[in-house]
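# A look at the structure
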Amino acid sequence: MSVARTAPAAADAFGVAVKPSGAVPRQIGLSRARLATLGFEGKPGQTLVVPGKEGSVVVAVGVAEAPAPNELRDAAAALVRAVPKAAHVATNLADAASGSAAEVATAYRAVVEGALLAGYRYAGLKGDPAARSVLTQLTLVGAGSPAGVAAGQATAAAAANAREVANMPASHLSARQFAELAVRVASERGLSVEVYDKDRLTQLGAGGVLAVNAGSVEPPRLVKLTYKPRAKSKAAHIALVGKGVMYDSGGLSLKPTNAMSAMMKLDMSGAAAVFGVLAALPALKCPNQVTGWLVLTDNMPSGSALKLGDVFTARNGKTVEVHNTDAEGRLILADGLSLAVEEQPDAVLDIATLTGAALAALGEGWAAVLGTDAGLLDRVRAASEATDEPVWELPLSRDKYRSQLDSQVADMKNIGGTYGGAITAAIFLSEFVGDTPWVHLDIAATMNSDADKGWKSRGATGFGTRLLLDLVTNYTK
């Protein structure tokens, strides 16, 4: 990553911002009429590759007259995808923006994020080197913003870390292996880390985690990662709780064999996002204390598995009757949220691939958000807009929906009626946060992308990582 006044001669491709009107930048070497003949109209995100000297190319990239950060992020992503074989890409996209130093920094951050996130590829277990990411160097051409560039690198790396662990097959990333990875990363980044094994979870009374794990040969883990800023006098304390079901078979409420079941390695995307957030906080010099709770297990059917009608006691003492073992994410989050609020944070947020109902309600473009605190919900919406990670609020209507969770033998059931499943799931979770300001992000609809589009790459999206980073770094009491 570098900043230069002019495009390096060694760059394989130079992306040049072209606005819909006015003079065409000389680097393009074509008139506006010629560009139009070639089908390039300068629409935001549109690209045209123009051959240059000695194998290099110039790429015309359409931008608005006054491009917003989200538009610059998508333009940078379009640039990288227009030259998929380019290892070194240079671009002046960030200088298409103007304004205060903070606005320029945001523009540079957005361009870095878009380019790096579009260039991400999960190599997985393929032996073909061509499957790996080609982009190795990015040069920002213009006046530059060191703060913006550094922030963009950190946030893109955070989302890439979340994508990497979410994309891993369950056969290669168990709860134990994820916990070991978290310990290594915590040591490298200067984070505090505690790992709770099955015996410790039993001592803590984490009945939800233990109940979901009962059918598995792989033991559960709960990982607590803590970041503390140097200056602590004005720091807020935010807790993040991530659902980490390493693979979700549905348990005895077995899922059908279909494309969605094949994606259930992604059911730990909430924990992946929290992991990515905590790993990035030192580089961003976050002014607040952040505690991340990764609640990790798989959900498998066996002779010892959780049964319908079973009752367990969660960490906070509430008893839960299980009517569907495929509604397991809320059971492990119950313990994670209970432990998180015991530390009396200023706010707690959970992130989870929780319900198909959120996907049915909002489609693949939006995550559902519900919560108990209007101010915290406003902060989430602001972070959503800043990062282009869209959320839509659903009503947390306890008066209309809580009765659906009533049980004859326990404090509550784990599912409600046929409809409004995203809402009843959130109401269930609200039973475990007390009076602490709380927001729930249901990212089931946004955990995966079937194709490269904007800042999303095919596969796990890392959705929520940059949103939460924006929120915790800008949070004030």
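Residues numbered from 1 in each chain as written. Predicted model: local features only at pLDDT ≥ 70, side-chain atom pairs only at ≥ 80, totals over all residues. Heavy atoms only, no water.

Turning our attention to empty space enclosed by the protein. In total, this model carries 1 cavity of 30 Å³ or more according to the counting rule given. Counted as a void, the largest cavity has a volume near 50 Å³. In this structure, the largest cavity is lined by Ala162, Arg163, Ala166, Ser269, Ala272, Ala273, Ile443, Met447, Ala460, Thr461, Gly462 and Phe463. Elements represented by at least two residues in the lining of the largest cavity include exactly α4 (146-167) and α9 (269-284). Classifying every residue of the lining of the largest cavity gives 8 nonpolar, 3 polar and 1 charged. (1 Å grid on protein atoms, 1.4 Å probe; cavity = no way out; pocket = protein on both sides within 12 Å on 5 of 7 lines; lining within 4 Å. Points joined across faces, edges and corners; volume = space filled by probe spheres on them. Helix = DSSP H or I, 4+ residues; strand = E, 2+ residues; numbered from the N terminus. Nonpolar A, V, L, I, M, F, W, Y, C, P; charged D, E, K, R; others polar.)

Glancing now at the environment of Ala90. Considering the arrangement of structural elements, one finds Ala90 in strand β5 (residues 88-91). Once you skip the residues sitting within four places of it in the chain, Ala90 turns out to touch Ala7, Pro8, Ala11, Ala13, Phe14, Gly15, Leu79, Thr139 and Val141. (Contact = heavy atoms within 4.5 Å.)

As a further point, take the pattern of salt bridges. A side chain with one charge may pair with a side chain of the opposite charge, provided their charged atoms come close. The final tally for this structure, using the stated rule, is 23 salt bridges. With a shortest N-O distance of 2.7 Å, Glu393 and Arg381 are connected by a salt bridge. Of the two residues, Glu393 is situated in strand β15 (residues 391-393) and Arg381 in helix α12 (residues 374-387); the sequence distance between them amounts to 12 residues. Judged by its relative accessible area of 36%, Glu393 is partly exposed. By relative accessible area, Arg381 is classed as partly exposed at 28%. (Salt bridge = Lys/Arg side-chain N within 4 Å of Asp/Glu carboxyl O. Buried < 20%, exposed > 50% of the residue type's maximum accessible area, 1.4 Å probe, protein only.)

Extensive coverage of strand β14 (residues 367-371) is indicated by the burial of 5 of its 5 residues. Here β14 shows a buried face lined by Ala367, Val369 and Gly371 and a second buried face lined by Ala368 and Leu370. Across 3 bridges, the pairing between β14 and β15 is parallel. What sits directly across from Ala367, in β15, is Val391. Note that the unit made of β14, α12 and β15 has a crossover that is right-handed. Across 4 bridges, the pairing between β14 and strand β17 (residues 438-442) is antiparallel. Looking across to β17, one finds that Ala368 is bridged to Asp442. (Pairing = 2+ DSSP bridges. Right-handed = clockwise from strand over helix to strand, strands pointing away.)

Here α4 crosses helix α15 (residues 465-474) at 135°, and the two axes come no closer than 9 Å. With respect to each other, α4 and α15 are oriented oblique. Considering the relative orientation of α4 and α15, their crossing is right-handed. Note on element contacts: α15 touches α4 through Thr465, Arg466 and Leu469, opposite Thr155, Ala158, Ala159 and Ala162. Per-class residue counts for the contact of α4 with α15 are 4 nonpolar, 2 polar and 1 charged. (Axes fitted to C-alpha atoms, helices over the stretch in contact; angles between N-to-C directions. Parallel < 35°, antiparallel > 145°, perpendicular 65-115°, else oblique. Left-handed = near helix turned anticlockwise from the far one by under 90°.)

A word on the packing of aromatic side chains. For the structure shown, the criterion picks out 3 aromatic pairs. Where Phe178 meets Phe275, the ring centres are 5.5 Å apart and the plane angle is 80°; that geometry is what we call edge-to-face. With Phe178 in helix α5 (residues 175-189) and Phe275 in helix α9, this pair connects stretches of sequence that are 97 residues apart. Pairing Trp366 with Trp392 gives two aromatic rings, centres 5.6 Å apart and planes at 90°, and the pair type is edge-to-face. One end of the pair, Trp366, is in the loop between α11 (356-362) and β14; the other, Trp392, is in strand β15, and 26 residues separate them in sequence. When the ring centre of Tyr196 is taken as reference, the NZ or CZ atom of Arg200 above it lies at 5.6 Å. It is Arg379 that lies over the ring of Tyr475; its NZ or CZ is 4.0 Å from the centre. (Phe/Tyr/Trp six-rings, centres within 6.5 Å; stacked < 30°, edge-to-face > 60°. Lys NZ or Arg CZ within 6 Å of the ring centre and 35° of its normal.)

It is worth stressing that arrangement in space is one thing and function is another; only the former is reported here.
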